[in-house]
Protein chains: 6
Amino acid sequence: MRILLINPNTTAAVTEQAAAHVRRLLPAEVVAVTGRFGAAYIASRAASAIAAHAALDALAEHVAGCDAVYLACFGDPGLLALKEVSPVPVVGMAEGALHLACLRGRRVGVVTGGALWKPMLEEFAAAQGLAGRLAGIRTIAPTGGEIARDPDAALSRLAAACRTCAQEDGADVVVLGGAALAGLAARIQPDVPVPVICSVEAGARMVLAALAAPAGPPPPPSRSAGLSPALTRLLGGE
Amino acid sequence: MRILLINPNTTAAVTEQAAAHVRRLLPAEVVAVTGRFGAAYIASRAASAIAAHAALDALAEHVAGCDAVYLACFGDPGLLALKEVSPVPVVGMAEGALHLACLRGRRVGVVTGGALWKPMLEEFAAAQGLAGRLAGIRTIAPTGGEIARDPDAALSRLAAACRTCAQEDGADVVVLGGAALAGLAARIQPDVPVPVICSVEAGARMVLAALAAPAGPPPPPSRSAGLSPALTRLLGGE
Amino acid sequence: MRILLINPNTTAAVTEQAAAHVRRLLPAEVVAVTGRFGAAYIASRAASAIAAHAALDALAEHVAGCDAVYLACFGDPGLLALKEVSPVPVVGMAEGALHLACLRGRRVGVVTGGALWKPMLEEFAAAQGLAGRLAGIRTIAPTGGEIARDPDAALSRLAAACRTCAQEDGADVVVLGGAALAGLAARIQPDVPVPVICSVEAGARMVLAALAAPAGPPPPPSRSAGLSPALTRLLGGE
Amino acid sequence: MRILLINPNTTAAVTEQAAAHVRRLLPAEVVAVTGRFGAAYIASRAASAIAAHAALDALAEHVAGCDAVYLACFGDPGLLALKEVSPVPVVGMAEGALHLACLRGRRVGVVTGGALWKPMLEEFAAAQGLAGRLAGIRTIAPTGGEIARDPDAALSRLAAACRTCAQEDGADVVVLGGAALAGLAARIQPDVPVPVICSVEAGARMVLAALAAPAGPPPPPSRSAGLSPALTRLLGGE
Amino acid sequence: MRILLINPNTTAAVTEQAAAHVRRLLPAEVVAVTGRFGAAYIASRAASAIAAHAALDALAEHVAGCDAVYLACFGDPGLLALKEVSPVPVVGMAEGALHLACLRGRRVGVVTGGALWKPMLEEFAAAQGLAGRLAGIRTIAPTGGEIARDPDAALSRLAAACRTCAQEDGADVVVLGGAALAGLAARIQPDVPVPVICSVEAGARMVLAALAAPAGPPPPPSRSAGLSPALTRLLGGE
Amino acid sequence: MRILLINPNTTAAVTEQAAAHVRRLLPAEVVAVTGRFGAAYIASRAASAIAAHAALDALAEHVAGCDAVYLACFGDPGLLALKEVSPVPVVGMAEGALHLACLRGRRVGVVTGGALWKPMLEEFAAAQGLAGRLAGIRTIAPTGGEIARDPDAALSRLAAACRTCAQEDGADVVVLGGAALAGLAARIQPDVPVPVICSVEAGARMVLAALAAPAGPPPPPSRSAGLSPALTRLLGGE
């Protein structure tokens, strides 16, 4: 099995970190690609909107020969657009982690880096229909990019935010979200009184589960201008 | 890996059918148990309430040595109670299938056997926080038990109900629900214009995914009377 | 008029306490029965699931000759299953008290004993469609059983929780819930700035009101195994 | 016990009809008053807005010496305003009937006369927090006033609307709403497959139940101009 | 263009203050009228219910020759009733300000005077379908009437409440609501970290925008008694 | 006053059509720009995701010197991202039209061209918090692009869809959505029994209203790669 892992920001180090984590977990070949354009780290609505285009661009270029696509950015820019055009199942990191967390707890907390993500993730959860399952979203000030550069410095703040989710928001499970936070859940678990889920692992496991669902029909072709050749062809139905 | 598959009705043939289907799909040992008491087929609120007790009873007796529990009845009687007392992750068949279906489509249809299930499943989906993802629930008159005895007779009615979900309710994915319907999704897929998900397979794959989530703390012990020795011990915190 | 009061836990003293309170209030004969099996006090999801079976068992054995059923456990285990099979109206204690409280205030607080009840009651209120009317649910650590053994010790904590409901959660009416708390509402009312409703009384009055609604049709019969003779007959449609 | 029954329209015959029905049901003295100004029959938003004022006016004039107030217009104009200023409990006819119906069925249908009531009652149910319990609202063209003048002519249309609620909307209980429809529920019940609740009776029984809830504090006084002396005094806190 | 500005309380000074503010903003003639009866300042449910009648009364008397109606009381008593009977578009102050605020921020805070307004405005926003956009409603103790008499004394409390909306409730825009608060938004803006919207201005601008929507059909006529001649004629369809 | 009108598809003729319509309505200078890349007509999730990037790109290049931005594509690709980075107010065509329609009717219908828009617009309305105000969304098969090329051919189908919204979905106002449908509302109004709102006009009027709301603070700067120089500078906070 071959999984296309798309990191839609433009920092290859984050791509490699997430891919390495997934390779340790899944019995699958992982093809990892980085966004061709956009923010170095996605931490705003504008960066996320551009990343949706970049993710489509990457999918169009690399999906051939893959069995599934893992959109490996917590916040899942362009998720439904990718599902629309992809010939194989697509799972987003936040999508997968949130649904999986619902199996583990009644009220799901989310902790991630970057203050602007809070309303964006609240809206994402609501769009998934999961607003009612959300206990609360807590962010720490450093963005995913900053955490990636110095994870040790962020550990105690992440653990504190998870504890607040449990103790103040009533979460009985917490998702630690972010490609750049791969593997940190296990490190902070001893300091958190409820289960902490690694979004990179959870999303990856949900990619495997999603293979149970057969493919739907492709969308009608559309004409476009100024896009990459591969994306132009994909949208054109070729 | 060893999975405890609990069929909380009292018909061993259904247990075997579901277990066989899961064994074909998962690289896991499946310990399959049948309810000690209750309805032959669960098709009413009363039968479902009794089945919750039967499922707890089965878990208490058989969970030792297992890595996860699969509550293999679509409708998941007692799901949260099992999660509360189980030392290992528990996934319900409807729970798993509905969350997985959310990854495949925006609006999820459900088709199953037995008219009384419709409001029960609507409430189940709402309690999962997934009411907003539900396109509609369609039942055919024969119950799961009747379909199990003569699946061929039910195929065209199941396919028609799935088509109605797609065409009238706007579902872009349909879950074919029921332990007794294991394997029928693939048979009706050619006659349905949207993906059809087998609830037995979907639930089983979600059991694997759920292993990503670490265990939470056990509940406080409680004293009881008139229950099986194993269940008395489990509730008593022994 | 004859009311079957079912206490689905296995502690006869609680049954008697609730029945005595109802007998003082209603111009009705009260037939009071205790669960044959299950938890001494219901304070967890597992205990509540078993209690649903015990309540069905009690109804099947004792409903003949009664005009209505009062499921006298705040949290109403098995409520909809009892309504499904009962030949006479069934009202649950939490159901009745919550709907009655909605006539008295805009935002309803709930105070009861036992920390595990909070999420269970939140889900119960949501399943009743009343989530939007709930100001908040506050629990004190002692369970109903512990409060029953020493109510005086609990009074000040119950009053404090009711005040918190009013002052922090914005409740303009509070339900003091629990069979074992019968009669305590009047004792704490002087210390609470909003009306406090006794769940035992409220539920009982709603049993009377419910006699206004004619009976619906019985469910289809079903075959079962390992249940009490009376429950087997009731489910079998005899 | 003495109940103030307020009919906030200006047709005394409707007042008498509702009061007579309540007197047959309740062991209580019924003081029945008619609106001093406003629509002959309330069948629009404008008429309902004026009726709220008329109901306040009637309460101010007549509440002294009464133990409870029954706002006997299905749609409950001014309900929360009356509750705000009344020294004794107030129950509205639609309020009481809808909450009582929730004890009898999962999904509540409503049938009444006058097409403009449909959105108004949908909003009323939503404001009660009961939107999720509503199966549907069906109106027949004749208004309550027209039905009151010739009930026999309306019976078959009302029964047909109730059947539609059950068969198309999925209602498992139907409220037949309207002061002018007092007593018609029993007449159409034989032609409807689910229980039909008389709103006049249901509301009246809920007035009795509401006596379980102690009174709350009065609102702060306010100065006004151009109102009746009694209402001026009531609002002024005298 | 001619706008009928209705102040449904009975204090002419508030009418003049709001009208003067609108005249400075809009290129329109403003016909300003004060309620004939009711509370001096609207600060309770009872006062608001009476004001709905007074607003209808004012509209009936003065709408002839106007192009639009501005219901200039934050809380919009009788809004839907006025829309029902008016031959020209009607916009309420809270309605217009809340919808406009939704264009400016994701989560809307509201600050106004008079503690009883909080639940009333929460219900108003919910009835508008905007509950999900509301960050929170904060009131200060002085009512609009008291603020009108001494605005300088209220400025710092209003600013503090706006800051609390932003910092504790997460509002990214705040509506300063109340006819009597016209023009205060600009004065407190320097002390508030998010945009503050003047409800009088916002509502007035939305009156202009609403002219884009063509008129709908009039309601059926109805007979009434005891109302003003103009209102009797309007309801009678003359 | 100067308004930047952004058409985020790549068809300049649609830009001109919408701009001409706005110029006829508003006393403002309209700077009209077309997307540099993306779909010729936006009629899918993928095209919409790319258009969000194109709209950001256009805003960055052209916003200097403008007082407000009108995102003139019904569906508002990138709306919140544009609001995040824009120094002046941004209003989307669907956003403005839906909120304005809420002032005109209780339940809002939407008619547009292109079947894939239906779920996208349902999600847009839900994200606006307006799901509860939506009566229904009806699409006709020709996309906006096809309607623009031959509007006369589409008129009767658009009118029929509007009538269905009114008669089957219960809409009391209908928004005719789409930049390419500018001016068609007035042409079909005679054939529709409820008010029909032109989305191009409604959105434009809401741009004027939105000038009432002061600007909020800019987002933190972020580093990016592969974007246009103007967008790189805008995101970089220069």
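Everything below is about the structure shown above.
Calculation criteria
Residues numbered from 1 in each chain as written. Chains lettered and ligands numbered in written order. Predicted model: local features only at pLDDT ≥ 70, side-chain atom pairs only at ≥ 80, totals over all residues. Heavy atoms only, no water. Contact = heavy atoms within 4.5 Å. Buried area = accessible area lost by both parts, 1.4 Å probe. Polar contact = N/O pair within 3.5 Å; in protein donor to acceptor, adjacent residues only side chain to side chain. Helix = DSSP H or I, 4+ residues; strand = E, 2+ residues; numbered from the N terminus. Nonpolar A, V, L, I, M, F, W, Y, C, P; charged D, E, K, R; others polar. Least-squares fit on C-alpha atoms with pLDDT ≥ 70 in both. Pairing = 2+ DSSP bridges. Axes fitted to C-alpha atoms, helices over the stretch in contact; angles between N-to-C directions. Parallel < 35°, antiparallel > 145°, perpendicular 65-115°, else oblique. Left-handed = near helix turned anticlockwise from the far one by under 90°.

Side note on the arrangement of the chains
Item 1. Taking C-alpha atoms only, the smallest gap left between chain B and chain E, which are not in contact, amounts to 15 Å.
Item 2. In this structure chain C stays clear of chain F, and the shortest span between their C-alpha atoms is 15 Å.

Observations regarding the interface of chain B and chain A
Item 1. Opposite the 34 residues of chain B that make contact, chain A presents 34 residues.
Item 2. For the pair chain B and chain A, the summed buried area comes to about 2,700 Å², and 62% of that belongs to carbon and sulfur atoms.
Item 3. Applying the counting rule to chain B against chain A returns nine residue pairs in polar contact (both at pLDDT 80 or more).
Item 4. At the level of elements, helix H3 (79-85), strand E5 (90-92), helix H4 (93-104), strand E9 (196-198) and helix H9 (199-210) of chain B are the ones that each hand at least two residues to the side of chain B that touches chain A.
Item 5. For the side of chain B that touches chain A, the residue count by class is 22 nonpolar, five polar and seven charged.

Comments concerning the relation of the copies chain B and chain A
Both copies of the chain are related by one operation, a rotation about an axis with a shift along it.
Item 1. The transform that puts chain B on chain A rotates by 180 degrees and translates by 0.0 Å along the axis, for an RMSD of 0.0 Å. The transformation just described matches what one would write down for a two-fold rotation axis. Closest approach to the rotation axis among the C-alpha atoms of chain B is made by B:His99, whose C-alpha sits 3.0 Å away.
Item 2. Both copies contact each other with a shared surface, as 100% of the interface residues of chain B are interface residues in chain A too.

Some words on the sheet that holds strand E9 (residues 196-198) of chain A
Residues and elements named next belong to chain A.
Item 1. Judged by pairing direction, the sheet is parallel, and its four strands sit side by side in the order E7-E6-E8-E9 without closing on themselves. Strands at the two margins of the open sheet, each flanked by one partner only, are strand E7 (134-140) and E9. The average undirected angle you get between the axes of adjacent strands in this sheet is 25 degrees.
Item 2. Taken together, the six bridges between strand E6 (residues 108-113) and E7 define a ladder with parallel strand orientation. Among the inter-strand pairings, Val111 is bridged to a residue of E7, identified as Arg138.
Item 3. Against the sheet, helix H7 (residues 151-167) touches E6, E7 and strand E8 (173-176), its axis set at about 160 degrees to E7.
Item 4. Sheet strands in contact with helix H9 (residues 199-210) are E8 and E9, and its direction is about 65 degrees off that of E9.

Digging into the packing of helix H1 (residues 12-25) of chain F against helix H9 (residues 199-210) of chain F
All names here are of chain F.
Item 1. It is the contact of H1 with H9, at a shortest axis distance of 10 Å, that shows an interaxial angle of 55 degrees. Relative to H9, the element H1 is oriented oblique. Here H1 and H9 pass one another in a crossing that is right-handed. Within the contact between the two elements, H1 uses Ala18, His21, Val22 and Leu25 and H9 uses Val200, Glu201 and Ala204.

Such coordinate-based values are descriptive only and should not be taken to indicate function.
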